Amino acid sequence: MKKFSLALAATTTLLAANSYADESASTLSAVKDRGYVNCVIGNSFPGFYSLNKAGEWQGMDIDMCRGVASAVFGDASKVTFLPVQWAQSFTSIKSGQGDILSKGMTWTLSRDTQQGLDFLDTYFYDGQGFMVRKDLGVKSVKELKGATVCVLTGTSSELNIADYSRANDLDIKTVVFDDSSVRNTAFFNNNCDALTNDKSGLAAQRSAAPNPSDYVILPETISKEALSFAVKQNDSEWANVVKWTFAAMVAAEEFGVNSQNVEQMRADSQSPVVRRLLGVEGDLHVGLGLPQDWAYQVIKNVGNYGEVYERNVGVNSVLGLDRDGTLNALWTDGGMMYAKSFR
Amino acid sequence: MDDLNVKNPPALKQFIPTPPRPPRQSKSGIFGTIRQRCFNSIGNSVLTLCVVAVLFYLVKHVLDWAVFNAVFIADNRRQCMDISPDGACWAGVISWFNGLIYGRFPVDEQWRVNVGVLLGLVWLLPLMSKRIPLRNVILLSWIGLYPFVGAYLFLGGRFGAELGWIHGVMTCLALAFLTIIYVNWILSALGKKGLNELFVPLVSRFVERRIHLLSFVAVWLLIALVMALVLNQVSLEPVAIERWGGLFLTFIIASFAITMAIPIGVVLALGRRSKLPVIHWLSMTVIELVRSVPLITVLFMAVTLLPIFLPADVEFNKLAQVLVAVCIFAGAYMAENIRGGLQAIPKGQYEAAATLGLGYLHTMALIILPQALRMMIPNIMTSFISLLKDTTLVSIIGLFDIMLMARNIANDKDWVGMHTEPLVMISVLFFLFCYSMSQYSLTLEKRLKVDR
């Protein structure tokens, strides 16, 4: 019996030591050893992460992860995408299965503090909105008094709409569904007056309507959904890599560098900020532990933020979201996309 | 006797047959039959008319949607809707068809899946012919050797490098075995001696016993060597397991589970009937534990809980975890099927085997199990069919089987919101497979005369 308890104690210590070692190990060196980045995404969401028919992932979150892979390896293909269920999102990062969480996760206080994650940057500012049939003649959410609204159960949308209805005395009746396709069908069959979801999602659903021009998305945004990256808590080396990869994409747009002209900019540009960004001069890469041309590789392989936006969710994409005047515009255009200084 | 005669009424004494009923009047012609069967009373006529009306309504709507108003050629769902808003948009399913079948397997490499599946079927083909001897050996070789060939084709890489040399050796042995089966088949059709007899004269000079076996091994190794030399030149593009998907993945999981279910089930069933307490209770615990938990929970535990328990550097791939989970699950159910068969075997069979001096293993392998399994064919087949359908649950834990691929169509930017058509397509495919499995089970029952 004594032997047994000794062995047990030894095993426990070993396991504890093992897990301790894991937590202190830096993600960046683990990624470099492994040879690819593990990027945690969700099962499918048009514009952000979805499969095309050739079985390749595409979307905004996908491009962000490809950007990080380009920064570390100079190769956008050195990334594996792990589609997980909602419930596994946090554990997959905590257990070290995934390096980056990039699945349109809204940055909230409780997630930031209770899930063992560090949220880094918001790459898409979204918010909950409403879609109604055009022939209702409704111009504002305030006019939806006593209306029935189709909503997914268990989501923050359901809570937000209850808050909003109470605050504005709207007496909105929710019709709840637990499957988005059933909810959409119900709305298009006139089983409820309005459909509520994040605005990017509304745009996707509108584009799937039998006749999109019959529907309008109301101007109000009733919640803050800041879709952000997250990484494991207390690993600032790796957090820096992800943070500055995104910053490089935003800064490149601000400086007018894109995937088409990056080659020529690197060769000819006289602007000191562009030269520092593309690694022609300065040694900004040293602090990050990345190759000298990391930002150049990101822009060349993936593009700047504007290109990524237009390709996946912009006006000519399936979501058709106009960027002008939204929070997702550059700070120079009155938006919130603001890269910190490359110095 | 006289007393009896007096007591009984005389009518009973003689047998008066009731006159035979006239044969049923068959109105010749199909209309006669219909009138007789469907319109033989007012109530029945009304019922018939109602049923016909409902059927007509249903069939018309289904056909309108699926055929007459359907769109077969379009670039995206919007075009489909512009052409015909209330018909099915098969164009999307057609454009995603390869995705549904091969999942995320790279397009240029999809021929390898075809070749691999075809090889597997070709390997099993001799089982259909009654003329071929040692069919059990062929089946066992399929179970033991084919997975190596399949894995090499599906995973790729330089031969013997990425997957290790042991895997390479097994692949060569497997291909050599397949060659021998087919050459022997052809030779026996021509009335010649089998390939394995080739070295008999040579071998018989050196050894006296097991000449045929040794000759077979010699031929086998020789062909394997040739295979190795040929395959050494081959280099296939590596494909990660994460890229397996679609119907292909469904088949891999289902066939793995179906093949492993019987051996696991036999072991567990025999264990549960064992008189040794440890084995008995262990088997019973496994069976009852696994059977009382839904498959989806077993899958979730295999995928989410294992990585938390295991140290971080032990990395299992998801497919392996799922395969183990599904096999144990299928095995537990199969064990109860087989136990049912075992219980139906009369005690006399055991006693007869004991009288012949057979031990436990021989009794089971030669007398009891063949009868028990044969008796349980309908149940076993039912289990297999439900297993094939259950594999769609793996989509929930993020394996890209046919179900998840279908759900992804609705999120593809060209086909946003297309849910119904892919599901209909999958239902049709699954019906085809499950129905042919049940038909196969019926022919098997007839061939083995289950009801004798």
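Residue indices begin from 1 for each chain and proceed along its sequence in written order. Ligands are numbered from 1 and chains lettered from A, in the order in which they are written. It should be noted that, the model being predicted, local features are given only for residues of pLDDT at least 70 and side-chain atom pairs only at 80 or more, the latter also being counted only at that level, while totals for whole chains, interfaces and linings use all residues. Side-chain measures were taken over the full set of non-hydrogen atoms in the model, leaving aside hydrogen atoms and water.

Let me state the cut-off plainly: UniProt positions are given in the numbering used here, feature names are shortened, and annotations may be inferred rather than shown by experiment.
As named in an unreviewed UniProt entry, chain B is Amino acid ABC transporter permease, taken from Marinomonas arctica. In its Sequence similarities (unreviewed entry) section, the UniProt entry covering chain B states "Belongs to the binding-protein-dependent transport system permease family. HisMQ subfamily."

Chain A is annotated in an unreviewed UniProt entry as Amino acid ABC transporter substrate-binding protein from Marinomonas arctica. UniProt lists a comment for chain A under the heading Sequence similarities (unreviewed entry), and it reads "Belongs to the bacterial solute-binding protein 3 family."

1. Quick notes on the side chain of Thr106(A)
All names here are of chain A. Note the threshold: A run of H or I in DSSP becomes a helix once it reaches four residues, and a run of E becomes a strand once it reaches two; helices and strands are each numbered from the N terminus. The buried label goes to any residue with under 20% of its type's maximum accessible area, the exposed label to any with over 50%, and the partly exposed label to all in between, with areas taken from a 1.4 Å probe on protein chains only. By the criterion applied in these results, polar contacts are pairs of N or O atoms within 3.5 Å in which, for protein atoms, one can donate a hydrogen and the other can accept it, and in which residues neighboring in sequence qualify only through two side-chain atoms. The contact rule is simple, with two residues in contact once any of their heavy atoms fall within 4.5 Å.
Along the polypeptide, Thr-106 turns up in strand β5 (residues 100–106). Residue Thr-106 is classed as buried on the basis of its relative accessible area of 10%. Within the structure, Thr-106 has its side chain in polar contact with the side chain of Glu-225 (distance 2.9 Å). With residues near it in sequence (within four places) discarded, Thr-106 still touches Arg-111, Phe-119, Lys-224, Glu-225, Ala-226 and Leu-227.

2. Re the interface of chain B and chain A
What counts here: By buried area we mean how much accessible surface two parts lose on assembly, using a 1.4 Å probe and totalling the loss over both. The term salt bridge refers to a side-chain nitrogen of Lys or Arg lying within 4 Å of a carboxyl oxygen of Asp or Glu. Any residue that is not Ala, Val, Leu, Ile, Met, Phe, Trp, Tyr, Cys, Pro, Asp, Glu, Lys or Arg is counted as polar, Gly included; the first ten are nonpolar and the last four charged.
The interface of chain B with chain A comprises 29 residues on the first partner and 27 residues on the second. When chain B packs against chain A, the two sides together hide about 2,500 Å² of surface, and 54% of this comes from carbon and sulfur. Of all residues in chain B, Arg78(B), Asn411(B) and Val416(B) give up the largest surface area on contact with chain A, accounting jointly for 20% of the area buried on that side. Counting across the chain B and chain A interface gives one salt bridge. The partner of Glu56(A) in a salt bridge is Arg243(B), and the shortest N-O contact between them spans 3.3 Å. Summed over the shared surface of chain B and chain A, the result is 10 residue pairs in polar contact (both at pLDDT 80 or more). Split by residue class, the side of chain B that touches chain A holds 13 nonpolar, eight polar and eight charged.

3. Regarding the pattern of salt bridges
The full count for this structure, using the stated rule, is 14 salt bridges over all chains. The salt bridge involving Asp63(A) is made with Arg311(A); its shortest N-O contact spans 2.6 Å. Of this pair, Asp63(A) sits in helix α3 (residues 60–73) while Arg311(A) is found in helix α14 (residues 305–312), placing the two residues 248 residues apart along the sequence. Accessibility expressed as a relative area gives 7% for Asp63(A), which makes it buried. With its nearest N and O atoms 3.9 Å apart, the salt bridge here joins Asp414(B) to Lys413(B). Among the charged side chains, a network of salt bridges with common partners joins Arg272(B), Glu288(B), Arg291(B), Glu336(B) and Arg339(B).

4. Some points on the UniProt feature "domain: Solute-binding protein family 3/N-terminal" (unreviewed entry) in chain A
The UniProt record marks residues 36–258 of chain A with the feature "domain: Solute-binding protein family 3/N-terminal" (unreviewed entry), using the residue numbering of this structure. From the first C-alpha to the last, residues 36–258 of chain A spans 25 Å; its make-up is 35% helix and 28% strand.

5. A few points about a negative patch on the surface
The criterion, for reference: Within the patch definition used here, like charges are joined within 9 Å and nonpolar side chains (Val, Leu, Ile, Met, Phe, Trp, Tyr) within 5 Å, considering only residues with over 30% relative accessible area and no salt bridge. Areas reported here follow the Shrake-Rupley algorithm with a probe of radius 1.4 Å; residue values treat only the protein chains shown as occluding. Only four residue types enter the charge count, namely Lys and Arg as positive and Asp and Glu as negative; His and the chain termini do not. All charge positions are set by atom: Lys at NZ, Arg at CZ, Asp at CG, Glu at CD.
A contiguous patch of negative charge on the surface is contributed by Glu310(A), Asp322(A), Asp324(A) and Asp333(A). Given a relative accessible area of 47%, Asp322(A) falls into the partly exposed group.

6. A few points about a nonpolar patch on the surface
Among the surface-exposed residues, Val51(B), Val54(B), Leu55(B), Tyr57(B), Leu58(B), Val59(B), Leu63(B), Val67(B) and Phe68(B) lie close enough to one another that they form a single nonpolar patch of about 870 Å² accessible area. Relative to the helices and strands, Leu58(B) resides in helix α3 (residues 42–68).

7. Remarks on the pairing of strand β9 (residues 173–177) of chain A
Regular strands place side chains that alternate from one sheet face to the opposite one. Residue and element names in this part refer to chain A. Inclusion rule: Pairs of strands are assigned from DSSP output, requiring at least two bridges between the strands. By convention, a crossover is right-handed whenever its connection, traced from the first strand over the helix to the second and viewed with the strands pointing away, goes clockwise.
Taken together, the five bridges between strand β8 (residues 148–152) and β9 define a ladder with parallel strand orientation. Following the sheet pairing, Val-151 is matched in β9 by Val-176. Handedness of the crossover joining β8 and β9 through helix α6 (residues 156–168) is recorded here as right-handed.

8. Focus on the nonpolar core
One broad trend across soluble globular proteins is that nonpolar side chains are buried collectively. Just so we agree on the cut-off: Side-chain atoms within 4.5 Å link the members of a nonpolar core, which is a set of buried Ala, Val, Leu, Ile, Met, Phe, Trp, Tyr and Cys residues.
Core analysis: the biggest nonpolar cluster contains 177 residues, and Met60(A), Trp238(A), Trp123(B) and Trp244(B) have the highest contact counts within it. The residues touching Trp238(A), leaving out its near neighbours within four places in the chain, are Thr27(A), Leu28(A), Val31(A), Val37(A), Val68(A), Val72(A), Asp99(A), Ile100(A) and Val231(A). Formed by 14 residues, the second largest nonpolar core is a distinct cluster that contains Val132(A), Ala147(A), Val149(A) and Tyr164(A).

9. Topic: unusual backbone geometry
Residues and elements named next belong to chain A. We note that Asn-190 has phi near 65 degrees; this positive angle belongs to a residue other than glycine. Its place among the elements puts Asn-190 in the loop between α7 (180–188) and β10 (194–198). Residue classification places Asn-190 among the partly exposed residues on the basis of a relative accessible area of 47%. Its identity is not glycine, yet Asn-234 carries a phi of approximately 65 degrees, on the positive side. Locating Asn-234 in the fold gives a position in the loop between β12 (225–232) and α9 (236–255).

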